[in-house]
Amino acid sequence: MNPDIFCFADYPCHTVVTDILKAPPEDDNREIATWKSLDLIETLLRLSELGQYEQVKQLFNFPIKHCPDMLVLALLQINPTWHTLRHELISTLMPIFLGNHPNSAIILHYAWHGQGQSPSIRQLIMHAMAEWYMRGEQYDQAKLSRILDVAQDLKALSMLLNGTPFAFVIDLAALASRREYLKLDKWLTDKIREHGEPFIQACVTFLKRRCPSIMGGLAPEKEQPKSAQLPPETLATMLACLQACAGSVSQELSETILTMVANCGNVMNKARQPPPGVMPKVRAPSTSSIETMSPVQIDPLSGMASLTIGGSAASLTPSMQGFTTNLSSAFNTPQSPAKAFPPLSTPNQTTPFSGISGLPSQLPGSLGTGSLSGMGTGGLALPTVNTDPFGQRKMSTSGLNPQTFQQSKMKPSDLSQVWPEANQHFSKEIDDEANSYFQRIYNHPPHPTMSVDEVLEMLQRFKDSSIKREREVFNCMLRNLFEEYRFFPQYPDKELHITACLFGGIIEKGLVTYMALGLALRYVLEALRKPFDSKMYYFGIAALDRFKNRLKDYPQYCQHLASIGHFLQFPHHLQEPSINTTNIETLLVATDQAERIVEPPENIQEKVAFIFNNLSQSNMTQKVEELKETVKDEFMPWVSQYLVMKRVSIEPNFHSLYSNFMDTLKNSEFNKMVLTETYRNIKVLLTSDKAAANFSDRSLLKNLGHWLGMITLAKNKPILHIDLDVKSLLLEAYVKGQQEMLYVVPFVAKVLESSVRSMVFRPPNPWTMAIMNVLAELHQEHDLKLNLKFEIEVLCKNLALDINDLKPGTLLKDKEKLTNLEEQLSAPKRESKIPEELPVVVTTAAPVTPATTTTCTSTVPPQPQFSYHDINVYSLAALAPHITVNPNIPLFQAHPQLKSYVRQAIERAVQELVHPVVDRSIKIAMTTCEQIVRKDFALDSEESRMRVAAHHMMRNLTAGMAMITCREPLLMSIATNLKNNFATALRTASPQQREMMEQAAAQIAQDNCELACCFIQKTAVEKAGPEMDKRLATEFELRKHARQEGRRYCDPVVLTYQAERMPEQIRLKVGGVDPKQLAVYEEFARNIPGFLPSNDISQPTGFLAKPMQQAWATDDIAQIYDKCITELEQHLHAIPPTLAMNPQTQALRNLLEAVVMARNSRDAIAALGLLQKAVEGLLDATSGADPDLLLRYRECHLLVLKALQDGRAYGSQWCNNKITRCLIECRDEYKYNVDAVELLIRHHLVNMQQYDIHLAQSMENGLNYMAVAFAMQLVKFLLVDERSISHVTEADLFNTIETLMRISAHSRGNAPEGLPQLMDLLRANYEAMMDRAHGGPNFMMHSGISQASEYDDPPGLREKAEYLLREWVNLYHSAAAGRDSTKAFSAFVGQMHQQGILKTDDLITRFFRLCTEMCVEISYRAQQEQQHNPTANPTMIRAKCYHNLDAFVRLIALLVKHSGEATNTVTKINLLNKVLGIVVGVLLQDHEVRQSEFQQLPYHRIFIMLLLELNAPEHVLETINFQTLTAFCNTFHILRPTKAPGFVYAWLELISHRIFIARMLAHTPQQKGWPMYAQLLIDLFKFLAPYLRNVELTKPMQILYKGTLRVLLVLLHDFPEFLCDYHYGFCDVIPPNCIQLRNLILSAFPRNMRLPDPFTPNLKVDMLSEINIAPRILTNFTGVMPPQFKKDLDSYLKTRSPVTFLSELRSNLQVSNEPGNRYNIQLINALVLYVGTQAIAHIHNKGSTPSMSTITHSAHMDIFQNLAVDLDTEGRYLFLNAIANQLRYPNSHTHYFSCTMLYLFAEANTEAIQEQITRVLLERLIVNRPHPWGLLITFIELIKNPAFKFWNHEFVHCAPEIEKLFQSVAQCCMGQKQAQQVMEGTGAS
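Residues numbered from 1 in each chain as written. Predicted model: local features only at pLDDT ≥ 70, side-chain atom pairs only at ≥ 80, totals over all residues. Heavy atoms only, no water.

A. Quick peek at the overall build of the protein chain. If you tally the helices and strands in the protein chain, you get 78 helices and two strands. Residues counted as buried form 56% of the 1885 residues belonging to the protein chain. Restricting the contact set of the protein chain to residue pairs at least 6 apart, pairs at least 24 apart contribute 76%. (Helix = DSSP H or I, 4+ residues; strand = E, 2+ residues; numbered from the N terminus. Buried < 20%, exposed > 50% of the residue type's maximum accessible area, 1.4 Å probe, protein only. Contact = heavy atoms within 4.5 Å.)

Here it is, written out as structure tokens:
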């Protein structure tokens, strides 16, 4: 049809609103105008539903093409009933607007945010985006980028990222993270947690697609376009997250992930050109300076073959902190991984380095806080990246002296120990200045720049500057640089190179010393260990190049360098100084002393170096010529010296090359010089100091020996006696000892090695054989070191001799000859010089040759690795966590399964040795220790001092003794056990495998010997203490005895001896021991051999402080301990023998020993030790053990703590504080043991206030996942679960709950599992009561409660309070008090001021607490009077109590009224809450202590009088009335019967007081008091429920129940609407069997309604006017439905899918198999009401009303019918009860559920269901009135309407009494006559 003739737009219609479009459609195009009609579009859509789908769809092709924008608007503006076609059209149109349509922004915005758009539109748009991206040109990044922009514009990104398909979402997230819109690792971790394996699979597929080479295959034919490549950051982050969960997915998937991780390194390390100077040629030119390193292509995570190496690179998130985004173009890595969590303790969160040109820096604002030491573990489910690659491994520190190593366990991230002075927080100015210098290093002109040397010079100046600011800048810069180290891998190459030079320069210039130097050297070493060619390797090389001249000072360090796998690929000029450290130093020093040779100019020296650097066999002649040209004759001596010292001595591999060079040079003079120089150097080394670990000198000597042989013997020239007498050299070494032998034997062997190449000197040359025979004689010496024997054997092999054929002489026995040897070796100097500032170098031992192992163990004690507290000696199993297995051991790489043998080998070694070593050590140490302590303390009367000193000394000596006894045997034993284990595991091992086994066993033994040793030492030490006490028991007793007799002990014999024989300076004086002498003992305590030094040993801080002064007589404490010991022994006897070796049994024995020890000393120190042991024992107990034993174990530990808590011992305050301190300070691995903590709290052993604050802080705002999970469990245990502990209230965990609420609110989307639900539960319990504003009234109340249990009042306060209270009581009762006591009050306030009570809040609080306690005390005393004197008049006694109580209440009321200005309500309310809190706290405390002796009276009186006082009709009170009522409600809620059952009668009286009810339910506007009052009733019902459910109505419960019924009757009469609105919440907590109680509530109906008489014949219920009005329900009943259940339910009601919903319904409602408790009643109630309300809405939407005919055949009725049929009897009863609970006054719910009940009866498929329906209705009718109206009409309809055939059913007539019952009910309901007719079946319907 032609549009010009007919166009819909010409006719009246609803048109599309298009005025929002930027480019509106062409108005004059009539064809387009047609589509403006909404009516047309709606009609077409309807037609499409009626079978014309295809035709209609084609009609839409025109607008899709010509006016898509208008069509979308039309589809969005029509009435949104849902059409398939509309759905499809919108999907088709969306991609148009994702492209570049002029109106796209407006359209998308309108569709997403428009008014009234249903959520499904958003789903469509999201779906369309995914489709558009994934269809067509596969995965076009430009499209993805566009989608991301759109999503950001629409603020829809987070919704999109929660959608599907995963492939699209992951792609989008990766892009979003690159643009900084989200933290990828956090997002991935959350998604993995939420979706599990399907999502992980999607990630893997995504990586395969975006980075094909990651599977290790060949790269694809055509390279991916740049845009499609995945940046290394993203790849690393994703792999880190995947690797973390590889353990929890299917085998196949796990393998794929691990393959990817393994290939990650190759993918990221695509070919890179190494810079010149570091080429791995055989010999690189040594002169090429590293300064010329060319910038290499960026590679942020190079060399990461596995993502968990070294630093924490893998676990960081790509996010920039403090950077401008445009910097991201400055270098082509997107951004650097920032710290996973910002530090939490940064007062000034600036970001230093933030301006550096494109340099990603992550310096937190303040360092040294150690807050990051847990990097990357916390909330991410990532493998803990060990930021301390050394701390966990064995250190080989043979050459260092122990003092230098005190900090060997330092974490790189904790720099606070490195610079104590840098541990301060620097001010912003200092920070900024420090950063400005860094900035200049990296700047390019024209910005201000500084060279590295200038910066170093400046730092040198600043370091020693007298100006404080400059020193601070120096500290700040260094600290920043060190802290930045872990981000170096992300630096661009140029910046990294500059940083390396700076880092090296700092070491070179000696700007750092001690630990900082050690750390700097360690960082460089760590970098050099990174794979050859990796970025950090180049960093290490550049830094090393800077300080190569300092290497000679650090011999030990050079060995570590030389042991690096790729050391030989280092640039040559760096290999040199690294190998020739001390040695060259030794030689150079010696050369200085000899005449110095003429040195050629610098340029010639460089040329010579160059010639030797590039020398090879092929260019020999050419290089010889070069040398001749370059060097004049006068410089040849220098060349000879250079050749011998700088080349030959450290390059044994090139000896033959240099020898050939000399042959080619044919310069006999030069040959002589070289020979002389060689001898000279050999002599220097032979006479040098032979310190134990001077490996470098020894290797140097070997090299020179090899060279000497090569230029003499090998060329048939002799070694002249005058130059070197080899034979006597051997003999001299033999005389002088092991060290000399270690030098000489290998040297001689190397010299003789060359004889095999000589025609003259090869065996059997007599000169050679003479020396060989001396060696053979040495070989027979039984104590010759193994490695020397080995050297001799190797030499024999090389010379083709059999050692057994040699003829050893008797030279070694020839004493005379030996004494007359000419000295060629230096006299042995025994004091080895240690360089002044030895760096701290902690490193992994390289696989050690047997030579080094033996020497180092026998001479220098290895470095301690553990502190005393690290080792737990309760059981052998405690070794496991500390065992180190170096992953690089070849054996384990080949056979990983063998690792499992390590633990048992070590445990077995320890087990075999522990007892003999412990006994021997104690025995030897004991005698020494006892004698010395007795002597030192003979004149000291304080036994505790003597005891502490004895323990310190004993501990030290025992540990040292144990250490030297067990170290060697342990090494052997572990190695042997391992070898045996390996051998049995690999029965048919090849020789190569055997060698690997040997090596692995040696290394593991070496790595773990320290640990095993510490275990044995600590076992010995723990046992030594009690033994020592036994030894000195008489000494202690003598001193105590003297004290009891009132004299001071001293030993008379010693006194005389000291006075007569000892000089004044060292004489002992009577009284305490001299501090100097005590210092010795304290030093013993601080340094236990074999452990890291510590400032406080075995005891918490303040251990050496004075023992606590004991007020009780000692025998009391002794009795308590004795009782404790007896009980513990009984427990131990009762343990079955099978469990005797169980670790828990052993722990109990240790505990018993500790109690005995504490009993013997009876001082606070021992008590504290015992207390700690008990707490830690409890925390350490896991449930894995035997359950009975576990119970006993806990019982014993509690028993000990209870004993200490006894008032006669240390009292609960001291104990609880100390226990709480233990809980706060103990180690993380068992800090979070909920059962143990709950046990301690249950037994009143914890100071809740301290613990609550600690717990709140430890959650670190949600970043500490462990703490959050723990806090959640604890809160659930203590406040939510059935087994809640009555004395703990929410006040005790106020801060914890507050923090959890905050975490829950801030992280709504990704809060920890279960947190939102827990918070909802808490809110439900405390709903109406919660205002959690800090410092708000609620806070005041809770702080009041917790302050009520604090007793450490300032001295004299109690007396003051008592005086003031007495004064006030007198004033109040005096005639002159004035109206309302106002005059008395003003006088009294003056007195309070005078006494200083009003000075601080704290004093006011304490004053109120003391007054409350005193008033309560007076009441108790009065009550006791009545018991003693039964004739006393109770009224009089009560009046006596009230005399004080009423006065106190009036005082409170007056203070509340007059506090603050008249208009300032806040102060008044806060004061009121504080006082109420204090009264509540005192009540709870009292209730807990007195239990059944508790009296309600004083508290009841305070509350009721205060309520009346504060509800008086005064203006000032009226203004705060609502807040006052809220405060009382909170108070009553905290004192709810479950928490304070002893207060329940008073409580019920308070909440039912007429003033309170009237104020809450009538006078407070807008019914604001209703929810709070409802909560109090729910508290009451919850308390009654268990008693009513089990019908345990003892006399007290009957009284309470009656009281409750009365309260309900009052409410039913006066406030029926209140019961109507909250009926649901009440029925939810009333047990099903409480029929009358429930009827009372269900009978309520609004007072303005006239109820039609249910007995009216032919009553037409559906005609009543009220019957279609829904009642108001104020309970949030859907809150109990789990979110997924609710989602499925809604979906089922709308679409009847998921189909499984019905079949799974029963299992969703069932919670256990225990009869009577099988079902979740709350959920059944909620389900029934929710489905009903939805059904009513559904029926109303269809335009009809509920009736028997309209309620059928719907999803809603399906659910009800399914429940009726599917549930068992118990479940069905609960379900029918839930329906019956809705049968109330006339309203739409009553009508619908009445019809439903009847329908279920009619449709029932078994008579059982009908019988049960009858039962539910009937049992509610046969109790006393009132009966709900809906119940009556339902039952009458059921028995009256013949359609239901009620009277024909079997169950009506099954027994005469039942039949009678039915008849009487029918007569009551219908009258006699009608009932008769109905029963006979003749009645009208």
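B. Molecular detail of the pattern of salt bridges. For the coordinates displayed, the defined rule picks out 61 salt bridges. Measuring nitrogen to oxygen at the nearest pair gives 3.2 Å for the salt bridge that ties Glu 508 to Arg 546. Separated by 38 residues along the polypeptide, Glu 508 in helix α19 (residues 493-508) and Arg 546 in helix α21 (residues 535-546) bring together distant segments of the chain. The residue Asp 1402 makes a salt bridge to Arg 1406 at a minimum N-O spacing of 3.0 Å. One end of the pair, Asp 1402, and the other, Arg 1406, are both in helix α57 (residues 1401-1428), four residues apart, so they sit about a helical turn from each other. The exposure class of Asp 1402 is partly exposed, given its relative accessible area of 36%. A relative accessible area of 10% places Arg 1406 in the buried class. Several salt bridges share partner residues, and in doing so they unite Glu 930, Arg 934, Arg 1031, Glu 1035 and Arg 1039 into one network. (Salt bridge = Lys/Arg side-chain N within 4 Å of Asp/Glu carboxyl O.)

C. How the structure looks around the packing of helix α74 (residues 1788-1803) against helix α76 (residues 1829-1840). Axis separation between α74 and α76 bottoms out at 10 Å; the angle between their running directions is 30°. Overall, the two elements α74 and α76 adopt an arrangement that is roughly parallel. Of the two possible hands of crossing, α74 and α76 adopt the one that is right-handed. Contacts between α74 and α76 involve Thr 1790, Ser 1794, Met 1797, Leu 1798 and Phe 1801 on the former and, on the latter, Trp 1829, Gly 1830, Ile 1833, Thr 1834, Glu 1837 and Leu 1838. Residue composition of the contact of α74 with α76, grouped by class: six nonpolar, four polar and one charged. (Axes fitted to C-alpha atoms, helices over the stretch in contact; angles between N-to-C directions. Parallel < 35°, antiparallel > 145°, perpendicular 65-115°, else oblique. Left-handed = near helix turned anticlockwise from the far one by under 90°. Nonpolar A, V, L, I, M, F, W, Y, C, P; charged D, E, K, R; others polar.)

D. Expanded view of the nonpolar core. Among the nonpolar cores identified, the biggest contains 120 residues, and Phe 1503, Phe 1543, Phe 1556, Tyr 1573, Leu 1611, Phe 1618 and Phe 1626 are the most heavily contacted of them. With residues near it in sequence (within four places) discarded, Leu 1611 still touches Ile 1557, Leu 1561, Tyr 1573, Leu 1577, Pro 1616, Phe 1618 and Leu 1619. Counting residues in each nonpolar core, the second largest holds 88 residues, with Leu 76, Ile 125, Ala 151 and Val 169 among its members. (Core = buried A, V, L, I, M, F, W, Y, C linked by side-chain atoms within 4.5 Å.)

E. Inspection of the packing of helix α50 (residues 1248-1258) against helix α52 (residues 1294-1306) at higher detail. Following both chains from N to C, one finds α50 and α52 inclined at 20°, their axes separated by 7 Å at the closest point. The pairing of α50 with α52 is recorded here as roughly parallel in orientation. The chirality of how α50 crosses α52 is left-handed. Each of Asp 1252, Ile 1253, Leu 1255 and Ala 1256 in α50 lies in contact with α52, whose residues at this interface are Phe 1294, Asn 1295, Thr 1296 and Thr 1299. For the contact of α50 with α52, the class distribution of residues is four nonpolar, three polar and one charged.

F. Expanded view of the side chain of Lys 1018. Residue position: Lys 1018 is located in helix α40 (residues 991-1044). For the buried Lys 1018, which has no salt bridge, the nearest side chain bearing the opposite charge is Glu 1022, at an N-O separation of 4.7 Å. Not counting residues within four places of it along the chain, the set of residues in contact with Lys 1018 comprises Tyr 868, His 869, Ile 871, Val 873 and Phe 1091. (Lys, Arg positive; Asp, Glu negative; His and termini not counted.)

G. Here's a closer look at α19. Taking 1.5 Å per residue, 16 residues should reach 22 Å; α19 reaches 22 Å between its end C-alpha atoms and fits that length. The element α19 is largely enclosed, with a buried count of 14 among its 16 residues. Remark: Gly 510 follows α19 within two positions and exhibits a positive phi of approximately 65°. (Expected span 1.5 Å × (residues − 1).)

H. Inspection of the environment of Gly 1542 at higher detail. With respect to the helices, strands and loops of the structure, Gly 1542 is situated in the loop between α62 (1521-1534) and α63 (1544-1551). With a relative accessible area of 31%, Gly 1542 lands in the partly exposed category. Here the alpha-carbon distance between Gly 1542 and Phe 1494, two residues 48 residues apart in the chain, equals 6.8 Å. Filtering out sequence-adjacent residues up to four positions away, Gly 1542 remains in contact with His 1487, Phe 1494 and Gln 1496.

I. Structural context of the side chain of Asn 443. Looking at where Asn 443 falls in the secondary structure, it is placed in the loop between α16 (428-442) and α17 (452-463). Contacts of Asn 443, omitting those with residues within four sequence positions, involve Pro 448 and Thr 449.

J. Broad picture of the packing of aromatic side chains. Enumeration according to the criterion identifies 58 aromatic pairs in this entry. Plain terms: the ring middles of Phe 166 and Phe 199 are 5.2 Å apart, the flat faces sit at 85° to each other, and that makes the pair edge-to-face. Of this pair, Phe 166 sits in helix α11 (residues 166-178) while Phe 199 sits in helix α13 (residues 197-210); the two residues are 33 residues apart in sequence, bridging distant segments of the chain. On the basis of relative accessibility, which here comes to 0%, the residue Phe 199 falls in the buried class. Ring plane angle 55° and centroid distance 5.5 Å describe the contact between Tyr 1624 and Phe 1677, whose orientation is recorded as tilted. Linking Tyr 1624 in helix α67 (residues 1616-1629) with Phe 1677 in the loop between α68 (1635-1642) and α69 (1683-1695), this pair joins segments that are 53 residues apart in sequence. Here Tyr 1624 falls in the buried class, since its relative accessible area comes to 3%. For the cation-ring pair, Lys 1018 lies above Tyr 868, with the distance from its terminal atom to the ring centre recorded as 4.5 Å. Sitting over the ring of Tyr 1420, Arg 1490 keeps its end group 3.6 Å from the ring centre. (Phe/Tyr/Trp six-rings, centres within 6.5 Å; stacked < 30°, edge-to-face > 60°. Lys NZ or Arg CZ within 6 Å of the ring centre and 35° of its normal.)

K. Structural detail: the environment of Leu 496. With respect to the secondary-structure elements, Leu 496 resides in helix α19. Owing to a relative accessible area of 3%, Leu 496 belongs among the buried residues under this scheme. Distance from Leu 496 to Phe 539, taken between C-alpha atoms, is 6.6 Å for residues 43 residues apart in sequence. Aside from chain neighbours lying at most four places away, what touches Leu 496 is Phe 488, Tyr 491, Lys 535, Met 536 and Phe 539.

L. A look at unusual backbone geometry. Each neighbour pair has its own omega, and for Ser 1697 with Pro 1698 the value is 0°, a cis peptide bond. Here Pro 1698 is to be found in the loop between α69 and α70 (1700-1709). Here the bond from Arg 1825 into Pro 1826 is cis, since omega is 0°, no more than 30 degrees from zero. Tracing the chain through its elements places Pro 1826 in the loop between α75 (1807-1821) and α76. Positive phi, normally seen in glycine, also occurs at Gln 1566, with a value near 50°. Note that Gln 1566 resides in the loop between α64 (1554-1563) and α65 (1570-1589). Of note, the phi angle at Arg 1696 is positive, near 60°, even though the residue is not glycine.

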